[in-house]
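Spelled out from the first residue to the last, the chains are:
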Amino acid sequence: LATLDPVTKEAGVLSIPRDLWVPIPGYTENRINTAHALGDAYDHPGGGPALSVETVEYNLGVEIDYYARINFQAFVDLVDLIGGIDIEVPETIDDPCYPTADYGCEKLHIEAGSHHFYGEMALKYARVRHTSGGDFDRARRQQQVIQAILDQVTDVGALPQMASRAPEIWSSIEDSVKVDPDLQLD
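Now for a quick tour of the structure.

The rules we used
- Residues numbered from 1 in each chain as written.
- Predicted model: local features only at pLDDT ≥ 70, side-chain atom pairs only at ≥ 80, totals over all residues.
- Heavy atoms only, no water.
- Helix = DSSP H or I, 4+ residues; strand = E, 2+ residues; numbered from the N terminus.
- Expected span 1.5 Å × (residues − 1).
- Buried < 20%, exposed > 50% of the residue type's maximum accessible area, 1.4 Å probe, protein only.
- Contact = heavy atoms within 4.5 Å.
- Axes fitted to C-alpha atoms, helices over the stretch in contact; angles between N-to-C directions.
- Nonpolar A, V, L, I, M, F, W, Y, C, P; charged D, E, K, R; others polar.
- Patch = residues over 30% accessible without salt bridge, like charges linked within 9 Å, V, L, I, M, F, W, Y side chains within 5 Å.
- Areas by Shrake-Rupley, 256 points an atom, 1.4 Å probe, with all protein chains shown as cover.
- Salt bridge = Lys/Arg side-chain N within 4 Å of Asp/Glu carboxyl O.
- Phe/Tyr/Trp six-rings, centres within 6.5 Å; stacked < 30°, edge-to-face > 60°.
- Disulfide = S-S within 2.5 Å.

**Considerations on helix α2 (residues 47–60)**
Right, on to step 1. Taking 1.5 Å of rise per residue, the 14 residues of α2 would be expected to cover 20 Å, and the 20 Å separating its terminal C-alpha atoms lies within 8% of that figure.
Right, on to step 2. Looking at α2, one finds that the buried residues are Gly-47, Gly-48, Pro-49, Ala-50, Leu-51, Val-53, Thr-55 and Val-56.
Right, on to step 3. Gly-61 occupies a position one or two residues after α2 and carries a positive phi of about 70°.

As C-alpha cells, then:
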C-alpha cells in the first residue's frame, strides 16, 4: 500500500503480510492475498484487483484511489530494461528450496554485501522467504527493491537514457500490467 503526498512530495509504503487473516467482504475470512484469487475466480466486479482493494479498505480503514498490478515477467523485464538495480544485502540468504515457475524448487544463495541485480535475481531477492525474519524481512526487501528501482529511474545521470527508452520500456510491460481503469496514464 503506497501513498504519495503531492504537496510535500513525500511517499510512504506499508507492506501488508500476505498471510494476514482477515474478513474478505462478501466472501469469508481467509488470508488477505486470497482476495485476489477469489475476485478473479468468482467474477467479482473488477476482478481480483477490485476485491483486493475492497479487502484492504475494509480491514485497514483506508481509501485506495488507484491500483496497479504487475506480473513477475514484467517486473523482470522492467528491471533489465532500466539496467538493473543496486542492492545492499544485509545478511547472507540461503534458501534450500526457492520456488520455481514449474512448481519445483532450486537452491538460492545470496551473500551479504553490495550487489547489482538484474531482473531475475531482483525478483528472487524480493520474493525469498527463508531468512531469520521471515515475512518481515521479505517486506523490507520488497521495499528496498522498490526504492532501488525509483533510485535507478530518477538518477539524473541515467535520466536521458531512461527517457529515450520509455516507449520501449512501456511496450515491453504494458500487456503485463493492469491498472485501475480510473488511472489516467496519458
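Text resumes after the structure shown.
**Considering the side chain of Lys-124**
Right, on to step 1. Mapped onto the elements of the fold, Lys-124 is located in helix α4 (residues 119–127).
Right, on to step 2. Once you skip the residues sitting within four places of it in the chain, Lys-124 turns out to touch Tyr-98, Glu-106 and Leu-108.

**Looking at unusual backbone geometry**
Right, on to step 1. For Lys-9, which is not glycine, the phi torsion reads 60° and is therefore positive.
Right, on to step 2. Counting through the fold element by element, Lys-9 comes out in the loop between β1 (2–5) and β2 (10–13).
Right, on to step 3. One non-glycine residue with positive phi stands out, namely Asp-43, at about 50°.
Right, on to step 4. Mapped onto the elements of the fold, Asp-43 is located in the loop between α1 (34–41) and α2.
Right, on to step 5. A residue is classified by how much of its surface remains accessible, and Asp-43, at 69% relative accessible area, is exposed.

**Comments concerning the environment of Lys-124**
Right, on to step 1. Residue Lys-124 is classed as buried on the basis of its relative accessible area, which comes to 19%.
Right, on to step 2. Taking the C-alpha atoms as reference points, Lys-124 and Leu-108, 16 residues apart in sequence, are found 8.2 Å from one another.

**Details of the packing of α4 against helix α5 (residues 134–154)**
Right, on to step 1. α5 packs onto α4 with a crossing angle of 145° between their chain directions and a minimal axis gap of 7 Å. In this structure, α4 uses Ala-122, Tyr-125, Ala-126 and Arg-127 to contact α5, whose residues at the interface are Arg-138, Arg-141, Gln-142, Gln-144 and Val-145.
Right, on to step 2. Across the contact of α4 with α5, the residue classes break down as four nonpolar, two polar and three charged.

**Notes on a nonpolar patch on the surface**
Right, on to step 1. Taken together, Leu-1, Leu-14, Leu-60 and Val-62 make up a surface patch of nonpolar side chains, about 300 Å² in accessible area.
Right, on to step 2. By secondary structure assignment, the location of Val-62 is in the loop between α2 and β5 (68–70).
Right, on to step 3. Classification of Val-62 by relative accessible area gives partly exposed; the value is 33%.

**Brief notes about the pattern of salt bridges**
Right, on to step 1. Tallied over the full model, the rule gives seven salt bridges.
Right, on to step 2. Between Arg-69 and Asp-40 there is a salt bridge whose closest N-O contact spans 3.8 Å. In this pair, Arg-69 sits in strand β5 while Asp-40 sits in helix α1, placing the two residues 29 residues apart along the sequence.
Right, on to step 3. Take Asp-40: its relative accessible area is 41%, and that puts it in the partly exposed class.

**So, the packing of aromatic side chains**
Right, on to step 1. Counted under the stated rule, the structure contains two aromatic pairs.
Right, on to step 2. Taken together, a centroid distance of 6.2 Å and an interplanar angle of 40° make the contact between Tyr-27 and Tyr-42 tilted. Placement of the pair is Tyr-27 in the loop between β3 (21–23) and β4 (29–31) and Tyr-42 in the loop between α1 and α2, with a sequence separation of 15 residues.
Right, on to step 3. Overall, the relative accessible area of 32% leaves Tyr-27 in the partly exposed class.

**A short note on the state of the cysteines**
Right, on to step 1. Using the criterion set out here, one finds one disulfide in the structure.
Right, on to step 2. The disulfide partner of Cys-97 is Cys-105, and the gap between their sulfur atoms is 2.3 Å. Sign of the S-S torsion, about -105° for the bond between Cys-97 and Cys-105, identifies this disulfide as left-handed.

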